Each structure stands twice: as structure tokens, then as C-alpha cells.
Amino acid sequence: MIPVPFAVVAKRRDTTDTWTLELEAEAGDGLAFEPGQFTMLSRGGAGEVPISISGDPDEPSRLVHTVRAVGLATRAICAAERGDVLGVRGPFGNAWPVDAAEGADVVVVCGGIGLAPLRPAILTLLARRERYGRVLLLYGGRSPTQLLYPGELDAWAARGLEDAVTVDSAGPEWLGHVGVVPRLIRRAAFDANSAVALVCGPEVMMRFAAAALAERGVPAVRTYASMERNMQCGIGLCGHCQLGPTLICRDGPVYRWDALAPWLAIREL
Ligand SMILES: Cc1cc2nc3c(=O)[nH]c(=O)nc-3n(C[C@H](O)[C@H](O)[C@H](O)COP(=O)(O)OP(=O)(O)OC[C@H]3O[C@@H](n4cnc5c(N)ncnc54)[C@H](O)[C@@H]3O)c2cc1C
């Protein structure tokens, strides 16, 4: 439960309200983690919040977080500069099923900041590229300037990622898709008989994505989604992140869609 001090060693502004911070432990080693896990991150007295690790699992000495400033804690974290110290607990939670997906096509579907929790999975898939069939990234943002890691998409494509990006709205300079992410699923080329889908984004987007994947023949048992709820302890004690009979911090954040769908069907659960 005791936060470990990590210093900000690099900071990049991704969009108008989102920053990527690279942290190093003040003492000792970095933080080994699996793709999909999160930490409880804090800065001073501004509160502690769950934030997914967006870095490379093969480079655990550097802890990377991509944070959208939406409230007290996240605004304080995003305002941290090089040399400032943040508190880190974790890593917590389970992982994307990158091992179980070996041999299959992998369809990564995300919206907005949902690419951050999936970035470690993408980096892992590309590091072991020969073990998978097609690896697709279907990514949607509100506008071209709200897309995360734009410079990295080309590098990922060069390593064998097939990507399709869509935005809700754009000016004439945008030559890509306009529309919602589930539309990309309808057109994407993958083998639905074996494909594994990893989905992260706003809940409504994940529901439509799971439905579009099911229409394409990817069943709920091969569709995984990462869930967000208010979270306080991160270790299954406080109960704030309860979802049905599960606690997201302990049993998630990654769930198989067949386990998730019945609970998401209950309003405001
Ligand atoms: C497992 C997990 C991983 C997450 N990963 C990331 C990440 O990588 N990057 C990132 O920027 N955010 C992530 N979040 C969301 C982040 O934890 C919240 O944005 C944060 O808790 C808001 O705290 P705050 O004090 O800044 O804002 P608050 O003042 O608490 O809230 C400000 C606004 O954000 C909304 N909000 C608060 N908590 C959440 C939440 N958990 N999900 C959705 N909306 C929320 C509130 O309803 C309110 O409208 C993750 C959440 C979980 C549970």
C-alpha cells in the first residue's frame, strides 16, 4: 500500500489534454509488468488514481504512463515536470491474453485514450511478430489532433502491423477514414475463425465493437475488453470498483466479453 517514489525523466504532450510521462524509480529497479496492467499513481496531496502502463514490457526500467487530465488527480499528474516525483503502487490487475493469442490473427480495437492500455500489448505482439497471424490495429479518435502516438503508427506498420485509423470529424486535410471504429471492423481483413480481439475505449464504443466483431464471426469468448470504474485501493480491499461479482482491480481490468456482457446489460451497474 506504500507508494514508491518515481521521478519524471521525460514528458511529451500527446494532445490538448493528454500527456505521456516517463518515470524512473528513485531507488532500486524499475517495474516489471504485463501488458494491460495498471498502477495507482499519485502526486502530492491531489489523490491517487489508476492509470494503465503504456510502456514497453521489455523495458521495465522505464515506467510509462499516458494520462488524460480530467480532474484533480490527473491534472496534478499531467502538470508534473522533469525531476518531479510521483508516487507509484503496483503493478496491479491482469493482462491482455497475448500468449493465448499465439498462432491467431489479433485484432486490436481502440478508441481515444484506449490506445494507451493497448500499447504494451501492441509492442509485445510486434516483438514476437512471427508467432501471430495478421496483427491489426483499428483505432478511432475524435479528430486527427486527438490521436495518440501518431509518429509511432508508421514504425509499427513497418514491423508488420496493419492499421486503419478513423476520426469522428476532420477538415479537408485528413485523407483517412471518417466514422466510428465498428465500421472499420466490418471492412477489416482477418480470419474470424481464429482471431482474438483486444478492445479498449469508451464503454459504448466497446459494446458496438463487440457487436461488430460478433457479426464478423469473432465470438465473445475470443473478445477481450479492459474496464474502467472508480478505484481506490487497487488491491481488492475497498470494493469501489465492483462490477457484478467481480472487482475490476483484482479480477480485471481485462475481461473476456462473455463474462462482461451480462453485467454491462444492467443499467448503471
Ligand atoms: C484500470 C484503469 C486504467 C486506467 N487507465 C488510464 C490511463 O491509462 N490514462 C488515463 O488518462 N486514465 C486512465 N484511467 C482513468 C483514470 O483513472 C481517471 O481518469 C481518474 O481516476 C480521474 O481522476 P481525477 O481525480 O483526475 O478526476 P475526478 O475528479 O475523479 O473525475 C473527473 C471526471 O472523470 C470521470 N472519471 C473519474 N474516474 C473515472 C474512470 N475511472 N473512468 C472514467 N471516467 C472517470 C469523472 O466521472 C469525472 O467526470 C484508468 C482507470 C482505470 C480503472
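Each value, and the rule that gives it
- Residues numbered from 1 in each chain as written.
- Predicted model: local features only at pLDDT ≥ 70, side-chain atom pairs only at ≥ 80, totals over all residues.
- Heavy atoms only, no water.
- Helix = DSSP H or I, 4+ residues; strand = E, 2+ residues; numbered from the N terminus.
- Buried < 20%, exposed > 50% of the residue type's maximum accessible area, 1.4 Å probe, protein only.
- Arc of directions from axis to C-beta.
- Pairing = 2+ DSSP bridges.
- Axes fitted to C-alpha atoms, helices over the stretch in contact; angles between N-to-C directions.

1. A closer look at unusual backbone geometry
Stage number 1. Of the consecutive residues G90 and P91, the connecting peptide bond is found in the cis state with omega at 5 degrees.
Stage number 2. Within the secondary structure, P91 sits in strand β6 (residues 85-92).
Stage number 3. Each neighbour pair has its own omega, and for G252 with P253 the value is 5 degrees, a cis peptide bond.
Stage number 4. On the secondary structure map, P253 appears in the loop between α6 (248-251) and β15 (254-256).
Stage number 5. With a phi close to 50 degrees, Y149 is a non-glycine residue in the positive phi region.

2. Looking at helix α3 (residues 150-158)
In an α-helix, one turn spans 3.6 residues, which is why side chains three or four residues apart end up on the same side.
Stage number 1. Inspection of α3 places E152, L153 and W156 among the buried residues, and these make up the whole buried set. With its buried residues spanning 110 degrees around the axis, α3 presents them on a single face. Seen from the buried face of α3, the exposed residues on the opposite side, beyond 90 degrees, are G151, D154 and A158.
Stage number 2. Of the residues flanking the end of α3, it is G160, one or two places downstream, whose phi is positive at about 110 degrees.

3. Thoughts on the sheet that holds strand β1 (residues 4-15)
Stage number 1. Spatial strand order, β4-β3-β6-β1-β2-β5: 6 strands in an open sheet with antiparallel pairing. Of all strands in the sheet, those bounded by a partner on one side alone are β4 (48-52) and β5 (63-68). Taking each pair of neighbouring strands and ignoring which way they run, the sheet shows an average axis angle of 40 degrees.

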